[in-house]
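Now for the letters of each chain:
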Amino acid sequence: MRVGQSTRSGTQGVRNVALVLCVPVLACGRWGYDAHDALSGVRTDAAPDDARGAGTDYYVATTGDDLDPGTETQPWATLQHAADIMGPGDRVLVADGRYAGVAASTSGQPGAAIVFQALGSAVIVNQPSSSGDHMRVQAASYLVVAGFRFENLVQRAISVGGAAVTQPIQGVVLRNNV
């Protein structure tokens, strides 16, 4: 499969995902998604807050501690802790710095997406998550990932996959990630 090709005819979203997810990892020879994954629900054309409901804002910073409450003045330290705590409508705002990867498996809901938002231009994920990908969205729908940079790739920068072909993901938005 080449960048811009689709695994299903007429699925524009797959073409966009291939461009966003694959370009940063071409040097590794790995695609940002598995061809069997049902990707009709992945978009790159929505603003990060388009589908966010009234949830809680949490914060992550390299100076934080996962034992803190995740507030602006007492942020968490890791993206994984944020992924483990957040629920529908919640947003985590991530300060500039270098972070370990994250495996997210909690879904938001229609109109109440879970949002991972970089606050600056230097929010860098430079270590893989437990899955080997820097950011793994597994069987999670209604999730937004915006503004992250990925370095030192072992496998994929962002990997999005459903639990099974018969259980497609929906409402996943990937925007301004490199």
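Provided above is the structure to which this section pertains.
This text gives an overview of the structure that appears in the document. No experiment lies behind these values; they were computed from the predicted model shown.

**A word on the sheet that holds strand 5 (residues 102-104)**
Stage number 1. The strand order across the open sheet formed by 3 strands is 5-8-11, and the pairing between neighbours is parallel. The sheet is open, and its two borders are formed by strand 5 and strand 11 (158-161), each paired with just one other strand. For this sheet, the mean angle separating the axes of adjacent strands, direction not counted, is 10 degrees.
Stage number 2. Here strand 8 (residues 135-138) pairs with strand 11 via 4 bridges, running parallel. Among the inter-strand pairings, Met-135 is bridged to a residue of strand 11, identified as Ile-158.

**Some remarks on the pattern of salt bridges**
Stage number 1. As enumerated under the stated definition, the model contains 3 salt bridges in all.
Stage number 2. Between Arg-156 and Asp-133 there is a salt bridge; the shortest N-O distance is 3.2 Å. With Arg-156 in the loop between strand 10 (149-150) and strand 11 and Asp-133 in the loop between strand 7 (123-127) and strand 8, this pair connects stretches of sequence that are 23 residues apart. The two residues Arg-156 and Asp-133 agree in class, both being buried.

Conventions we followed
Residues numbered from 1 in each chain as written. Predicted model: local features only at pLDDT ≥ 70, side-chain atom pairs only at ≥ 80, totals over all residues. Heavy atoms only, no water. Pairing = 2+ DSSP bridges. Helix = DSSP H or I, 4+ residues; strand = E, 2+ residues; numbered from the N terminus. Axes fitted to C-alpha atoms, helices over the stretch in contact; angles between N-to-C directions. Salt bridge = Lys/Arg side-chain N within 4 Å of Asp/Glu carboxyl O. Buried < 20%, exposed > 50% of the residue type's maximum accessible area, 1.4 Å probe, protein only.

By themselves, these are just geometric observations and shouldn't be taken as functional.
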